[in-house]
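# Geometric and topological summary
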Amino acid sequence: AQTVTQSQPEMSVQEAETVTLSCTYDTSENNYYLFWYKQPPSRQMILVIRQEAYKQQNATENRFSVNFQKAAKSFSLKISDSQLGDTAMYFCAFMKAGTPLVFGKGTRLSVIA
Amino acid sequence: DAGVTQSPTHLIKTRGQHVTLRCSPISGHKSVSWYQQVLGQGPQFIFQYYEKEERGRGNFPDRFSARQFPNYSSELNVNALLLGDSALYLCASSLYRRGGNYEQYFGPGTRLTVT
């Protein structure tokens, strides 16, 4: 079974600074998808960014980018120019085609003014 | 376009009672998945439905059941509620592309409290 590990339960960052959230996963699959979801205090889970394992290029969505290291089974999220609205729980998730999402336990990020 | 909607928002039930949670997917999405999120944890998969058929089930007891309707909306039912069923129940919809569902979009959730 696949597992996802987020080793940082809590992190904080100053507004306008850059922060990196870590995620590692365990799988024997070769084709799969990785996601970062954001869950603000209002609790709606929002998709931040996705990465297909067969793509070598790291995904980027505006201020959010990932560092995908397939051999190391690592999938970190970098948030640049952090904003107060980035304060939330961030979940890393793994999905093999045809199976449901497997989530990590999350990292609580606080952006400080 | 409307996102995934869920009802009710909050629910308080007593041990032993039954509860029904409802979900309407994004227009055009034919797959609905249910997740349970206990406080301080990541969501755990309960069920996935596509075209009214169950396509996957997580490690939950038979007290949990679900169904999908012709309009692709879905219900999650939980019988004989236990205190441990207290959680945020999330519904997610997706297009279910060939080879498996792809991006999942979540609703706001239903907060269930069992007393």
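No experiment lies behind these values; they were computed from the predicted model shown.

The subject of this paragraph is the sheet that holds strand β7 (residues 64-68) of chain B. All names here are of chain B. In space, the four strands of this open sheet follow the order β1-β3-β8-β7, with antiparallel pairing throughout. Two strands close off the open sheet at either side, each with one partner strand: β1 (5-7) and β7. Looking at each pair of strands side by side, their axes are set apart by 15 degrees on average, direction ignored. Two elements, β1 and strand β3 (residues 19-24), share three bridges in a ladder whose sense is antiparallel. Looking at β3, one finds that T5 is bridged to S24.

Of the volumes computed, that of the largest pocket is approximately 320 Å³. The wall of the largest pocket is formed by 17 residues, among which Q39, M89 and R108 of chain A together with Q37 and L39 of chain B lie closest to the centre. Taken together, the elements giving at least two residues each to the lining of the largest pocket come down to β10 (88-95) and β12 (107-112) of chain A. Per element, the largest residue contribution to the lining of the largest pocket is three residues, and it comes from β10 of chain A. Residue composition of the lining of the largest pocket, by class: eight nonpolar, six polar and three charged. Each pocket or cavity is described by its volume, and for the second largest pocket that value is around 240 Å³. When contributions to the lining of the second largest pocket are tallied by element, the ones reaching two or more residues are β11 (102-103) of chain A together with β5 (44-50) of chain B. Of the residues that constitute the lining of the second largest pocket, the class distribution is eight nonpolar, five polar and one charged.

Calculation rules
Residues numbered from 1 in each chain as written. Chains lettered and ligands numbered in written order. Predicted model: local features only at pLDDT ≥ 70, side-chain atom pairs only at ≥ 80, totals over all residues. Heavy atoms only, no water. Pairing = 2+ DSSP bridges. Helix = DSSP H or I, 4+ residues; strand = E, 2+ residues; numbered from the N terminus. Axes fitted to C-alpha atoms, helices over the stretch in contact; angles between N-to-C directions. 1 Å grid on protein atoms, 1.4 Å probe; cavity = no way out; pocket = protein on both sides within 12 Å on 5 of 7 lines; lining within 4 Å. Points joined across faces, edges and corners; volume = space filled by probe spheres on them. Nonpolar A, V, L, I, M, F, W, Y, C, P; charged D, E, K, R; others polar.

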